[in-house]
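Results of the structural survey
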Amino acid sequence: GLQANPSHDAARVGGCSCKAVETAKKAIRNERAARIANGAMPRTGARLVLYVAIAAIARVAALPPLKRSLRPQHGALTVRGGSTKKTVTRNPRAVVVQKRTDVLGASFNLVNNVAGCGFLTLTAGAAGTGYLPAIGLVAFLGAVSCGSFLLLGEDALRYQASDVRSLWSEAVGANAWAVDASVAAFCGAAAVIYHGIVGDVFGPLVEKYLDIPPSITVYAVALLALFPLCQLDLATLAKFSLMGCASVFLTAFAILYRAVDGTYAEDGIHRASAVASEATGGCCGVSAKALVLSANLGLAYVAHYNAPPLAESLARGDGGARRRFRQVTFLSFTVLVALYAGVMAAGKATFGDAARPNVLLNYGASDALARVARLATGASIVFGFPLVFSGFYDSATRLLPPAWETSLQKRRGARRTLGSLCLVLLTAQVALAAGDIGLPAGLAGSLLGGFVVYVLPAMIRWPNAGAVGRVGCLMLALLGVGLGLLGAQQ
């Protein structure tokens, strides 16, 4: 309809001279070109958007309906529908995964759930140790933790287990309570650490402006924020995981940037209000305090409860689950090793041996970037606490007699509410009694981290290992026992 029609045009200008005819034709062509530019293109774009919307609606309408089922899959709530499967586990730092998770997305989730707040204690653990031995220890234990994480994931694929407790039951059989005890101990220690960081971050701020002691702030946050969030479903809280990851990298950026911008040098503008000293150990010095660093790394690298659900999320029925799981593991632990080594070295260069168990407390009160990092970390701790507390509560109640366990495990009920309130206040009281997060972080990392990261994978792999494999399992278990005992002693 937009093509030129000479006969029609001639009829419209019949009786006119040739020059007038040409002028009229030119005017008609210009008018039609303007209509194309002003009307046809927007209509074409609107049609394209409409076609895409119709296609999307048709695709969604063709999907099979969701089938929700609550089945006893070792404490997991499963939602199935078509090609997707979503599992919300009750393990600590549980990775909320979907079927057919891509490698990059799974790696992002794993780094987000592992990093947490453990990397804030590494600088204090490196006091008295040279840069090269400290970084070497971070890399070595990161590589060993990566290998043991691979063992658990591959064994989970072999036994088709969705969590560590079911994996233990399939491989070892007896004493499954030991897994629940380790989960409860780890999550309880992590909850104590989280309360300590809440006090470190929000306590001074509230005391400065409202003249309220930090201990009251810890209890107030526990009652008004942490306890209500613990009553929510884990899937509802999963949306806040991005905040936690952003907080980790924002804090790492602040530590790295302040190490090189000169504001904490001898004549820096923030040096007077900071807590700093000279770093001992030089480049290659070694001291017995390196065992404290190994204990803190035991907490920082604890990701192993996530290995079975992560491996399950990468299984697509094409036989490539093991390959994808290895890719995710290698990529995630490479990022973690680089993150931990950089933060530890930067904190040590800035504050030396005076670094506190929470390195953010070393920064000056006038440092705006440090304040932003503290607040971001505090918000991340608040929204991450329910994930840790869920593992603590569920594992602890499974250790009780069956009658108590049944009543306390109900999703809704006065007993569960009262039980969770008591445990929230108990962990807050322990955090206040401990004084700082160094003690619970060190004990949890050395004793529990040694068992979870080194001993547990070796015991699960032992029944299916050959002669050489059993030697490796024995060495891994002895490493965990040795580091655990020596780290706890320090």
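None of these values were measured; they are calculated from a predicted model.

Opposite charge on two side chains allows them to pair when their charged atoms are near. One pass over the structure, following the stated rule, counts 7 salt bridges. A salt bridge links Asp 155 to Arg 158; its shortest N-O distance comes to 2.3 Å. Placement of both Asp 155 and Arg 158 in helix 5 (residues 131-159) is noted, with a separation of 3 residues, approximately one turn of the helix. Lys 348 serves as the salt-bridge partner of Asp 353, at 3.8 Å between the closest nitrogen and oxygen. Lys 348 gets classed as buried once you look at its relative accessible area, which sits at 2%. When salt bridges that share partners are traced, they join Glu 154, Asp 155, Arg 158, Arg 326 and Arg 461 into one network.

For helix 14 (residues 368-398), built from 31 residues, the straight-helix expectation of 45 Å at 1.5 Å per residue is met to within 8% by its first-to-last C-alpha distance of 45 Å. Residue Gly 384 marks the point of greatest curvature in helix 14, where the axis turns by about 35°; the proline Pro 386 follows within four residues. The buried count for helix 14 comes to 22 of 31 residues, which makes it a mostly enclosed element. Sitting at the amino-terminal end of helix 14 is Asp 367, which places a side-chain oxygen 3.1 Å from the backbone nitrogen of Leu 369.

Let us look at the confidence of the model for the chain. Looking at the chain as a whole, the pLDDT averages 74, with 70% of positions reaching at least 70. Predicted confidence in the chain is weakest over strand 1 (residues 67-69), with a mean pLDDT of 34, and strongest over helix 5, with 91. Below pLDDT 50 for its whole length, residues 1-16 participates in 12 contacts with residues either more than four positions away or in separate chains. In this model, residues 36-100 is a region of pLDDT below 50 whose contacts with residues beyond four sequence positions or in other chains number 92 contacts.

Here we take up the environment of Phe 351. Its place among the elements puts Phe 351 in helix 13 (residues 321-351). We classify Phe 351 as buried; its relative accessible area is 0%. Separated by 224 residues in sequence, Phe 351 and Ala 127 have C-alpha atoms that sit 9.9 Å apart.

Attention now goes to the nonpolar core. Tyr 301 and Tyr 340 are the most contacted members of the largest nonpolar core, which has 100 residues in total. The contacts of Tyr 301, once residues within four sequence positions are left out, are Val 114, Val 138, Leu 141, Gly 142, Ser 145, Phe 333, Leu 336, Val 337, Tyr 340 and Val 453.

Scoring rules and cut-offs
- Residues numbered from 1 in each chain as written.
- Predicted model: local features only at pLDDT ≥ 70, side-chain atom pairs only at ≥ 80, totals over all residues.
- Heavy atoms only, no water.
- Salt bridge = Lys/Arg side-chain N within 4 Å of Asp/Glu carboxyl O.
- Helix = DSSP H or I, 4+ residues; strand = E, 2+ residues; numbered from the N terminus.
- Buried < 20%, exposed > 50% of the residue type's maximum accessible area, 1.4 Å probe, protein only.
- Expected span 1.5 Å × (residues − 1).
- Bend = angle between axes of the 7 residues up to and from the residue.
- Polar contact = N/O pair within 3.5 Å; in protein donor to acceptor, adjacent residues only side chain to side chain.
- pLDDT = per-residue confidence, 0-100.
- Contact = heavy atoms within 4.5 Å.
- Core = buried A, V, L, I, M, F, W, Y, C linked by side-chain atoms within 4.5 Å.

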